[in-house]
Amino acid sequence: MNTEKPDIRTEEDIKRMVDAFYDLVNQDDMLSPVFNGHAHVNWETHLPIMYKFWSSILLGSSTYNGQPFPKHAFLPVEKGHFDRWMELFVKNIDDLFEGQIAEMSKARAINMARVFQLKMGLIPRGDNPFYLVEKK
Ligand code: HEM
């Protein structure tokens, strides 16, 4: 049996990754109320933005030109929401993909989640100048 998973290489892969991730988010008791209850996210418009965001980061397409942080600054979330978001993100990538770009997607997501949490005052800044680099 061939159990090899592909890496993230095409726009189709990005779409598959994003769609599957937000399926998990929508089924999640902690995150779904934030997206669907509080923010009333319109998925028809949000998902294409996320395709552009991830394809710009992972495939270098330069199609995303938004500013992610302001959309998060006043969300009713705690560190636990970010921990869950990351848990689902990593699970989704590991379920579907394998390879360098798959690894990069997790590293970039972890770094951005940490930057958001620092800006929101949800985690302490600490003294280590390398705080943005996640150690295993
Ligand atoms: C607790 C975790 C998170 C929650 C609850 C959350 C929730 C949201 C919500 C409600 C929106 C607005 C959607 C809309 O405009 O309808 C959004 C947008 C977005 N989020 Fe998150 N998010 C989280 C973490 C993250 C992380 C870690 C990243 C980056 C890796 C990220 C990237 C984005 C981007 C790129 C957008 C689109 C911004 C734009 O409109 O240009 N989010 N998120």
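Here, every reference points to the structure presented above.
The following refers to the structure shown. What you see is a predicted model; the values in this text were computed from it and never measured.

1. Quick notes on the site of the ligand
The environment of the ligand is made up of 21 residues, and the closest members are Phe35, Tyr64, Lys71, His72 and Trp85. Within the side chain of lysine 71, one N or O atom sits 3.1 Å away from an oxygen atom of the ligand. At 2.8 Å from a nitrogen atom of the ligand is found a side-chain nitrogen or oxygen belonging to histidine 72. Within the residue set of the shell around the ligand, elements represented by two or more residues are α2 (32–38), α3 (43–59), α4 (68–72), α5 (79–96) and α6 (100–119). Among the elements that line the shell around the ligand, the one with the most residues is α3, at 5 residues.

2. Concerning the side chain of serine 56
Within the fold, serine 56 resides in helix α3. At a separation of 2.8 Å, a polar atom in the side chain of serine 56 contacts the main-chain carbonyl oxygen of lysine 52. Of note is the side chain of serine 56, whose polar atom sits 3.0 Å from the backbone nitrogen of threonine 63.

What counts, and at which threshold
Residues numbered from 1 in each chain as written. Predicted model: local features only at pLDDT ≥ 70, side-chain atom pairs only at ≥ 80, totals over all residues. Heavy atoms only, no water. Near = heavy atom within 4 Å. Polar contact = N/O pair within 3.5 Å; in protein donor to acceptor, adjacent residues only side chain to side chain. Helix = DSSP H or I, 4+ residues; strand = E, 2+ residues; numbered from the N terminus.

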